[in-house]
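# Structural overview for review
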Amino acid sequence: MKDTMIKLHRNRLFTLLVWLIIVFIAIISAPNITDALQSYSQPSYGANSQPAKANQLRQQWGYQLGGTTSVNIVYQNSTGKITNSQQAKIDKTINQLKQHKSYYSIKKIVTPSTNVAGKNQMLSKDGSTQMVSLDLNAKGNTLRVLTNELISQVKVHGLKSYVTSPEIIRDVNNQKNSQVTQLVLIALFIVSMLIVGIYFRSVFAPLISFITLFSAFVTSYSVSLHLSRLFNLPYSQYVPLEIGIATLTIGTIWNIYIYRKFRSVLALQREGGYATTQTIAALRFPITVVGGALAIIFFACGFVNYDQIQSLWTLGITYLVLILATITLNAVFTAALGESLFWPSNAPLTAMKSHFWSRATEFSLWQPLASFLVVLYITLPFIYFYHNSLNFSPMTNLTQTNQAVKGAQLLQAHFSAGKATPITIYLKNDKPLDNEKYLQHIDALTSKLQHTQGVSAVYSLTQPGGMPIEKYYVSSQLQSIGLNAKQATGQLSQASSGIQNSDSNLNLSALKQQVKDMSKLVKKSNQIISDSSNLASQVSQAAANSGVAGRQSASRRVRAYQAKINELNQSLQAVSSDLVN
């Protein structure tokens, strides 16, 4: 057994066997690029950051909404306002969804008819576009599966329907990125093989280079995914492409150097094993130094407090794996193939001399300052006139035919630019936010945000439709009490006039009716007093946040109303007592 292992080691078959096992495990254990981007490319935040805390509150939300995802169903009538018959079809479709809520993992459905106060945020001003909000709990299903099922279920004849949300658009964007990444990687592998094949005029050299670089890429990709999952390390949507580019650029250059050195050694020593040993011994140090330096640089990026840059730690893993692959795997095939590696061309390589670059180098050595000025003269116009408008929205990378993108753009066109991607502000307090004091703070915050530049609309508990509800405000209630008091005074004057005129033609039945009317007036007056007392406390609390003059004014108004109402109540009770007696 020992002799067999020594023989395998001498023939480098043991190295090949180890790499086969590593690549096989890497392929079967790592998910495909699309699933990897969906699972691992979400932005990572610190535990004390606002997004992380807000997400934690969202996960702990009551009413069975913890851990749910909001999805919008958008209906549009392209010819005009949604008609009554079309609205009836929409209601019928939504009712069918309600009957199958468990099947579609729906926890909550909000429509314009169930959210009357917030109807403005679900129905466009022109009446052609309507939105229905769903809260989904994916559980075992992915959001992609639920979205595809809902697309077919929510269709209404005569209307355009879309299922959209920021999460759906992000998922579609990840799918698009994975497709582009796979195409780019395939193209880069082909280009790498062509470069090696054309340079050495060989068939086997590019194949061996492909095997080496593919093994390094698959291993680096799998290791980085597993480390990200185990230690919660940052992982961006561009990591697979970055790993591929790093592997193919540096790996192709290293392979060319190894094959060139191997060919030059073969000119002196035709035995493949000896030539391989000499080649690896000569190039092991520079390859290790360059790869190690690059690995350290990219590992250092992990300390930068920005997740897109932190994710570059994966390139550190890539360069370490690439060092091992280029030194060990290439050695296996060069030792086995020898001169056959360069078949069908066995002619020695001749260095090509470029007259342009030779003269440019001579001129730079002769006049360094002049060379520097020439370079600036050539590059500065490109730098000055280059302008690129960056847009970080996922929708810029997606085609207009995607239904989620169409739905988002429809919301932006008929509601506001931020309707498709709203920002949610979470407020947490040790006590319930269900009394006048806290509701006043929420309303003040809502009004402040509405006047913030760049904010189109704000919806809150006190303003569900984006506008104040007047009947709930103190000033409106004071006016309502004043009007009721005036009405009661007028009715009292009419009753008094009727009593005075009843001396000449007193009628018992009429008198009883007047007693009943007076009793109703007394009850109404008592109700007004009760409302006034409640309002006084509200005014006092509201005035607490204003100046001294505001508090005195509010206090005088309340005391004046109460004095008039008390006087009115005493008069009503006295007249009612006289009538009864």
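A few points on the structure. (Residues numbered from 1 in each chain as written. Predicted model: local features only at pLDDT ≥ 70, side-chain atom pairs only at ≥ 80, totals over all residues. Heavy atoms only, no water.)

### What about the nonpolar core?
- Judged by nonpolar contacts, the single largest core of 54 residues is most densely connected at Tyr221, Tyr259, Leu315, Tyr319, Leu322 and Phe342.
- Listed by contribution, the elements that provide at least two residues to this core are helix H2 (13-29), helix H3 (33-40), helix H7 (166-200), helix H8 (204-231), helix H9 (239-266), helix H10 (272-300) and helix H12 (313-337).
- The contacts of Tyr221, once residues within four sequence positions are left out, are Ala30, Pro31, Asn32, Ile33, Ala36, Tyr235, Pro240 and Ile243.
- Ranked by size, the runner-up nonpolar core spans 33 residues in total, among them Val71, Val110, Leu134 and Ala408. (Core = buried A, V, L, I, M, F, W, Y, C linked by side-chain atoms within 4.5 Å. Buried < 20%, exposed > 50% of the residue type's maximum accessible area, 1.4 Å probe, protein only. Helix = DSSP H or I, 4+ residues; strand = E, 2+ residues; numbered from the N terminus. Contact = heavy atoms within 4.5 Å.)

### Observations concerning the pattern of salt bridges
- Enumeration over the complete set of coordinates arrives at one salt bridge.
- The partner of Arg144 in a salt bridge is Asp171, and the shortest N-O contact between them spans 2.8 Å. Of the two residues, Arg144 is situated in helix H6 (residues 143-153) and Asp171 in helix H7; the sequence distance between them amounts to 27 residues.
- For Asp171, a relative accessible area of 5% puts it in the buried group. (Salt bridge = Lys/Arg side-chain N within 4 Å of Asp/Glu carboxyl O.)

### Some points on a nonpolar patch on the surface
- Together, Leu17, Ile21, Phe24, Ile25, Ile27, Ile28, Phe210, Ile211 and Phe214 give the surface a local cluster of nonpolar side chains, amounting to about 820 Å² of exposed area.
- Going through the elements one at a time, H2 and H8 are the ones with two or more residues in the nonpolar patch.
- Per element, the largest residue contribution to the nonpolar patch is six residues, and it comes from H2.
- Looking at where Leu17 falls in the secondary structure, it is placed in helix H2.
- In this structure Leu17 comes out as partly exposed when scored by relative accessible area, which is 46%. (Patch = residues over 30% accessible without salt bridge, like charges linked within 9 Å, V, L, I, M, F, W, Y side chains within 5 Å. Areas by Shrake-Rupley, 256 points an atom, 1.4 Å probe, with all protein chains shown as cover.)

### Points about the packing of H10 against H12
- Running from N to C, H10 and H12 cross one another at 175°; their axes reach a closest spacing of 9 Å. It follows from the interaxial angle that H10 and H12 lie roughly antiparallel.
- Classifying every residue of the contact of H10 with H12 by side-chain character gives 15 nonpolar, nine polar and one charged. (Axes fitted to C-alpha atoms, helices over the stretch in contact; angles between N-to-C directions. Parallel < 35°, antiparallel > 145°, perpendicular 65-115°, else oblique. Nonpolar A, V, L, I, M, F, W, Y, C, P; charged D, E, K, R; others polar.)

### A few points about the environment of Phe342
- By the secondary structure assignment, Phe342 is in the loop between H12 and helix H13 (355-366).
- Since its relative accessible area comes to 2%, Phe342 is described here as buried.
- Measuring from C-alpha to C-alpha, the distance between Phe342 and Tyr259 comes to 8.9 Å, with 83 residues separating the pair along the chain.
- When near neighbours in sequence (up to four residues on either side) are disregarded, Phe342 contacts Phe200, Arg201, Ser202, Tyr259, Phe262, Arg263 and Leu266.

### So, the packing of aromatic side chains
- Across all of its chains, the model carries twelve aromatic pairs by this definition.
- Residues Phe189 and Phe217 carry aromatic rings whose centres are separated by 6.2 Å and whose planes lie at 75° to one another, so their mutual orientation is edge-to-face. Placement of Phe189 in helix H7 and of Phe217 in helix H8 is noted, with a sequence separation of 28 residues between them. For the pair shown, Phe189 and Phe217 are each scored as buried.
- Pairing Phe217 with Tyr221 gives two aromatic rings, centres 6.2 Å apart and planes at 10°, and the pair type is stacked. Here Phe217 and its partner Tyr221 are both found in helix H8, four residues apart, which amounts to about one turn of the helix.
- Since its relative accessible area comes to 7%, Tyr221 is described here as buried.
- For the cation-ring pair, Arg263 lies above Phe342, with the distance from its terminal atom to the ring centre recorded as 4.6 Å.
- The side chain of Lys419 reaches across the aromatic face of Phe415, ending 5.2 Å from its centre. (Phe/Tyr/Trp six-rings, centres within 6.5 Å; stacked < 30°, edge-to-face > 60°. Lys NZ or Arg CZ within 6 Å of the ring centre and 35° of its normal.)

### Comments concerning unusual backbone geometry
- Omega for the peptide link from Trp343 to Pro344 comes to 10°, which places this bond in the cis form.
- One can find Pro344 in the loop between H12 and H13.
- Here Arg201, not a glycine, exhibits a phi torsion of approximately 50°, which is positive.
- The residue Arg201 is located in the loop between H7 and H8 in this model.

### Things to note about the sheet that holds strand S1 (residues 69-76)
- Strand order in the open sheet made by the four strands is S2-S3-S1-S4, with antiparallel pairing throughout. Pairing within the sheet leaves two strands with one partner each, and these edge strands are strand S2 (106-110) and strand S4 (160-164). Strand-to-strand, the axes of this sheet are offset by a mean angle of 20°, without reference to chain direction.
- As paired elements, S2 and strand S3 (residues 129-136) share four bridges and run antiparallel to each other. Within S3, the position partnered with Val110 by the bridge is Ser133.
- This element, H6, spans S1, S3 and S4 of the sheet and lies at about 140° to S3. (Pairing = 2+ DSSP bridges.)

### Focus on the side chain of Thr181
- On the secondary structure map, Thr181 appears in helix H7.
- Among the residues examined, Thr181 registers a relative accessible area of 5% and is labelled buried.

### Overview of the side chain of Asn330
- By the secondary structure assignment, Asn330 is in helix H12.
- A residue is classified by how much of its surface remains accessible, and Asn330, at 0% relative accessible area, is buried.

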